[in-house]
Amino acid sequence: MGKINEKIYKVLCDIYTAEIGAVGIYMDQHTKCTDMGYQKLADTLKADAIDEMKHAEILAERVLMLGSTVKYQKHLLPEEKQCDIVAMLKLNINIEIEAIERLNTGITLCFHEKDHGSRMLLEEILKSEEKHLSDLQTKVNNIEKFGNQYIVSHLI
Ligand SMILES: [Fe+2]
Ligand SMILES: [Fe+2]
């Protein structure tokens, strides 16, 4: 591999940064949910955090393979006082929507720059984020529809 394409490098590092931010937020949420007794919800948040970590790892490996190293940047931080589960889920919905937008933009860039290896990698991550988003939306919709009954039977 020759010198890394600067545009591809920037997009991979920006997505990496967002993934690291999501790891921190989802970890913070799963420990708080465990503490509050929402064990089933905590388990799904923990699984999401692990998915985001794997995405970050794949991106770091790709950047290394392309001949550079990931650039560390400021990322999203958890809110210390955030203990409301609906607010948590809505925050995560926004994080996933932004991730999907960032990935779609990155995929288009990779296509135009003819880096189809990076493009396919971003497409795999995109499918994972779309699943996260869909599962989060289902939870919020069910809480709105069924209230405590859903919380007690599915999230605790
Ligand atoms: Fe991710
Ligand atoms: Fe995600």
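In this report, the structure presented in the accompanying data block is examined. Remember, predicted model here, so these are calculated numbers, not experimental data. (Residues numbered from 1 in each chain as written. Chains lettered and ligands numbered in written order. Predicted model: local features only at pLDDT ≥ 70, side-chain atom pairs only at ≥ 80, totals over all residues. Heavy atoms only, no water.)

With that out of the way, let us pick up the packing of helix α4 (residues 116-146) against helix α5 (residues 148-155). The interhelical angle for the contact between α4 and α5, taken along N-to-C directions, is 135°, at an axis separation of 6 Å. It follows that α4 is oblique to α5 by the angle criterion. Contacts between α4 and α5 involve K139, N142, I143 and F146 on the former and, on the latter, N148, Q149, Y150, I151 and L155. Looking at side-chain class alone, the contact of α4 with α5 contains 5 nonpolar, 3 polar and 1 charged residues. (Axes fitted to C-alpha atoms, helices over the stretch in contact; angles between N-to-C directions. Helix = DSSP H or I, 4+ residues; strand = E, 2+ residues; numbered from the N terminus. Parallel < 35°, antiparallel > 145°, perpendicular 65-115°, else oblique. Contact = heavy atoms within 4.5 Å. Nonpolar A, V, L, I, M, F, W, Y, C, P; charged D, E, K, R; others polar.)

Geometry reference: four tetrahedral donors at a metal, ideal angle 109.5 degrees. Six octahedral donors, ideal angles 90 or 180 degrees. Within the protein, E19 (OE), E19 (OE), E52 (OE), H55 (ND1) and E129 (OE) serve as the donor atoms for the iron ion (ligand 1), at 1.9 to 2.5 Å. All donor residues of the iron ion (ligand 1) come from one chain, and their arrangement in sequence is E-x32-E-x2-H-x73-E. Between the two metals, the iron ion (ligand 1) and the iron ion (ligand 2), the spacing is 4.1 Å, and E52 donates to both. Of this pair, E52 sits in helix α2 (residues 39-65) while E129 sits in helix α4; the two residues are 77 residues apart in sequence, bridging distant segments of the chain. E129 carries the same exposure label as E52, and that label is buried. (Donors = N, O, S within 2.8 Å, 3.2 Å for Na, K, Ca; no water. Buried < 20%, exposed > 50% of the residue type's maximum accessible area, 1.4 Å probe, protein only.)

Where helix α3 (residues 85-112) meets α4, the closest approach of the two axes is 8 Å, and the angle between their N-to-C directions is 155°. Comparing the axis directions of α3 and α4 gives the class roughly antiparallel. Relative to α4, the crossing made by α3 is left-handed. (Left-handed = near helix turned anticlockwise from the far one by under 90°.)

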